Amino acid sequence: MNARGSEPEREPPHNLEAEQAVIGAILQDPEMLPKVRPYLEYGDFFNRYNGVIYRAMLHLLDKRIRPDTVTLIDLLQKGDTKKDWLEASGGFEYLSACINSVPTAVHILNYAEIVRDCAIRRRYINAGANVINLGYDTLRELPDMVSAARQAIDEAGAVSTPNGYASMTSTMGAVWD
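Because the structure is predicted, anything quoted here is derived from the model rather than measured. (Residues numbered from 1 in each chain as written. Predicted model: local features only at pLDDT ≥ 70, side-chain atom pairs only at ≥ 80, totals over all residues. Heavy atoms only, no water.)

A. Structural view of the overall build of the protein chain. Counting its regular elements, the protein chain contains nine helices and two strands. Secondary structure of the protein chain in N-to-C order comes out as α-α-α-α-α-α-α-α-β-β-α. Counting the 177 residues in the protein chain, one finds 34% classified as buried. Total accessible area on the protein chain is roughly 11,200 Å²; 53% of this is exposed by carbon and sulfur atoms. (Helix = DSSP H or I, 4+ residues; strand = E, 2+ residues; numbered from the N terminus. Buried < 20%, exposed > 50% of the residue type's maximum accessible area, 1.4 Å probe, protein only. Areas by Shrake-Rupley, 256 points an atom, 1.4 Å probe, with all protein chains shown as cover.)

B. Structural context of the packing of aromatic side chains. The final tally for this structure, using the stated rule, is two aromatic pairs. Relative to Tyr54, the ring of Phe45 lies with its centre 5.0 Å away and its plane at 45°, an arrangement referred to as tilted. Exposure remark for Phe45: the relative accessible area of 6% places this residue in the buried category. (Phe/Tyr/Trp six-rings, centres within 6.5 Å; stacked < 30°, edge-to-face > 60°.)

C. Helix α3 (residues 48–62), seen in detail. Counted at 1.5 Å a residue, the expected span for α3 with its 15 residues is 21 Å, and the 21 Å between its end C-alpha atoms agrees. If you check which residues of α3 are buried, you get Asn50, Gly51, Val52, Ile53, Tyr54, Ala56, Met57, Leu58 and Leu60. Looking at the packing, one finds that the buried side of α3 touches α1 (16–28), α2 (33–36), α4 (69–78), α5 (85–88) and α6 (91–100). The distance from a side-chain oxygen at the start of α3 to the backbone nitrogen of Tyr49 is 2.7 Å, and the residue carrying that oxygen is Asn47. (Expected span 1.5 Å × (residues − 1). Contact = heavy atoms within 4.5 Å. Polar contact = N/O pair within 3.5 Å; in protein donor to acceptor, adjacent residues only side chain to side chain.)

D. Structural view of the packing of helix α7 (residues 108–136) against helix α8 (residues 142–156). Interaxial distance between α7 and α8 falls to 8 Å at its minimum, and their mutual angle equals 170°. On the basis of the axis angle, α7 is roughly antiparallel to α8. Every residue of α8 that contacts α7 at Ile120, Arg123, Tyr124, Ala127, Val131, Leu134 and Gly135 is listed here: Met145, Ala148, Ala149, Ala152, Ile153 and Ala156. (Axes fitted to C-alpha atoms, helices over the stretch in contact; angles between N-to-C directions. Parallel < 35°, antiparallel > 145°, perpendicular 65-115°, else oblique.)

E. Geometry of unusual backbone geometry. Despite not being glycine, Arg64 shows a phi value in the positive range, around 60°. Assignment of secondary structure puts Arg64 in the loop between α3 and α4.

F. Quick look at the nonpolar core. In this structure, Val22, Ile23, Ile26, Tyr54, Met57, Leu72 and Leu95 are the most contacted members of the largest nonpolar core, which totals 32 residues. Where this core is concerned, the elements lending two or more residues are α1, α2, α3, α4, α6 and α7. Leaving out residues up to four positions away in the same chain, Ile26 has contacts with Leu33, Val36, Tyr54, Met57, Pro67 and Ile108. (Core = buried A, V, L, I, M, F, W, Y, C linked by side-chain atoms within 4.5 Å.)

G. Seen up close, the packing of α3 against α6. It is at 12 Å that the axes of α3 and α6 come closest, and there the two elements cross at 85°. With respect to each other, α3 and α6 are oriented roughly perpendicular. Residues Tyr49, Asn50 and Ile53 of α3 lie in contact with α6, whose contacting residues are Tyr94, Leu95 and Cys98. The residue makeup of the contact of α3 with α6, split by class, is five nonpolar, one polar and no charged. (Nonpolar A, V, L, I, M, F, W, Y, C, P; charged D, E, K, R; others polar.)

H. Fine view of α4. When α4 is considered as a whole, its buried residues turn out to be Leu72, Ile73 and Leu76. Down the axis of α4, the buried set is contained in an arc of 95°. They therefore lie on one face. Residues of α4 that are exposed and point more than 90 degrees away from the buried face comprise Val70 and Lys78. Elements in contact with the buried residues of α4: α1, α3, α5 and α6. (Arc of directions from axis to C-beta.)

I. Here's a closer look at the side chain of Ser89. Looking at the element boundaries, Ser89 is found in the loop between α5 and α6. Those residues in contact with Ser89, other than ones at most four positions away along the chain, are Tyr49, Val52, Ile53, Leu76 and Tyr94.

Below is the structure:
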């Protein structure tokens, strides 16, 4: 139940299997990372381990280092003075589980789409909560409140595309055309 006792608490949308499949597919075939990079950001991952791993993979790619298991583990073990990144990413066992979670890297774009869709849904949930809070802010002028609410919804719907960011409405409009 929630604080009001009216309905059970709900978990934000996520699909851990799809997240692991993205990570596992990249570890199986590092050439897949540039294919999903335009569509996924490390913050799109619900699971913290997956976000840390994906961010490290992007770091390797930016340094023109092939993001395979060996280079990834090397980077994660180096960490920094504050944190052991290998431990923060779930360790060797978790990386192995990711690799074993996907039979082939061929369907990575399908897995990435699932991860991105869940991330967008979570952003809309957060935007909705912000809009509710704006509605309760009686000190704010109504036109300012409406403008801030529209901006929150527009920002939640901004999705990464190969050409930068686009609003969800324009992206869906392109799909329907």
